[in-house]
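Survey of secondary and tertiary structure
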Amino acid sequence: LAKTTQPISMDSYEGQEVNITCSHNNIATNDYITWYQQFPSQGPRFIIQGYKTKVTNEVASLFIPADRKSSTLSLPRVSLSDTAVYYCLVGAANSGYALNFGKGTSLLVTP
Amino acid sequence: DTAVSQTPKYLVTQMGNDKSIKCEQNLGHDTMYWYKQDSKKFLKIMFSYNNKELIINETVPNRFSPKSPDKAHLNLHINSLELGDSAVYFCASSPSDRAHYEQYFGPGTRLTVT
């Protein structure tokens, strides 16, 4: 079962690009990589999902190298409102392990 | 209209009491979940129901009992509350029980046991 490792915290200034990398060395062939965002006192919110290469939506981009052992969430030109916790999940089959969000990466954006 | 709603939002109670948290989703999803987020911010799956059937039951004390009267509702009943049960409990739903489907979370219920 794929286990994920991501930094505990990151700091950034407004307007910068932020890249959060998640390691998942044991990713399985049918596993997807999903990222969620959680603001204080709110439930997590889906940001982006990918299987390979690159995925982009209006919020973020997700870069996945060919070996899929890691992935990078890229937030372009962050603002103060991007201060949140970001979770990386890997899984496809229905298992409790695949649904453990862990502690995530706490991103602090300052002026 | 709120997609996933939980009641109550805050719950303060004493040790030994029994309490329930209710969850409703109006998204027409087949799968619903309960998560626990402790003071260290770990967010862990507790239960998952698909079409009213229990499909995930993680290592949770049997004082916790989920009940799904229909696909749109998943309630969480907790017996003999303990101090360690203090946490924020999130309900979520998704279109499928496959883990990679997008989950929609409720606002959370902050449970404080004194």
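Refer to the structure printed above.
Now for a look at the structure at hand. Fair warning: this is a prediction, and the values are worked out from it, not measured in the lab.

**Considerations on the environment of Cys 91 of chain B**
All names here are of chain B. The topology assignment puts Cys 91 in strand β9 (residues 87-94). Considered as a pair, Cys 91 and Pro 107 are 16 residues apart in the sequence and their alpha carbons are 8.0 Å apart. Not counting residues within four places of it along the chain, the set of residues in contact with Cys 91 comprises Val 4, Gln 6, Cys 23, Met 32, Tyr 33, Trp 34, Tyr 104, Phe 105 and Gly 106.

**As for the state of the cysteines**
Following the criterion strictly, the structure yields two disulfides over all chains and no others. Here Cys 22 of chain A engages in a disulfide with Cys 88 of chain A; their sulfurs sit 2.2 Å apart. One quick way to see it: the torsion about the S-S bond of Cys 22 of chain A and Cys 88 of chain A is about -80 degrees, and its sign makes the bridge left-handed. In this pair, Cys 22 of chain A sits in strand β2 (residues 18-23) while Cys 88 of chain A sits in strand β8 (residues 84-91), placing the two residues 66 residues apart along the sequence. Residues Cys 22 of chain A and Cys 88 of chain A agree in their burial class; the two are buried. Shown here is the disulfide that connects Cys 23 of chain B with Cys 91 of chain B, its sulfur atoms set 1.8 Å apart. Residues Cys 23 of chain B and Cys 91 of chain B are joined through a disulfide that is left-handed, its torsion about the S-S bond being -75 degrees. Of this pair, Cys 23 of chain B sits in strand β3 (residues 19-25) while Cys 91 of chain B sits in strand β9, and the two are 68 residues apart along the sequence. The exposure classification of Cys 23 of chain B matches that of Cys 91 of chain B, with both residues buried.

**A closer look at the interface of chain A and chain B**
Contacts between the two partners involve 24 residues from chain A, matched on the other side by 24 residues from chain B. Summed over both sides, the interface of chain A with chain B buries roughly 1900 Å², with 54% coming from carbon and sulfur. Taken together, the connections running from chain A to chain B amount to zero salt bridges. Here chain A is connected to chain B by four residue pairs in polar contact (both at pLDDT 80 or more). Elements with a minimum of two residues in the side of chain A that touches chain B: β3 (32-38), β4 (45-50) and β8 of chain A. Here the side of chain A that touches chain B gets four residues from one element, more than from any other, and that element is β3 of chain A. In terms of residue class, the side of chain A that touches chain B is made up of 10 nonpolar, 13 polar and one charged.

Conventions and cut-offs
Residues numbered from 1 in each chain as written. Chains lettered and ligands numbered in written order. Predicted model: local features only at pLDDT ≥ 70, side-chain atom pairs only at ≥ 80, totals over all residues. Heavy atoms only, no water. Helix = DSSP H or I, 4+ residues; strand = E, 2+ residues; numbered from the N terminus. Contact = heavy atoms within 4.5 Å. Disulfide = S-S within 2.5 Å. Buried < 20%, exposed > 50% of the residue type's maximum accessible area, 1.4 Å probe, protein only. Buried area = accessible area lost by both parts, 1.4 Å probe. Salt bridge = Lys/Arg side-chain N within 4 Å of Asp/Glu carboxyl O. Polar contact = N/O pair within 3.5 Å; in protein donor to acceptor, adjacent residues only side chain to side chain. Nonpolar A, V, L, I, M, F, W, Y, C, P; charged D, E, K, R; others polar.

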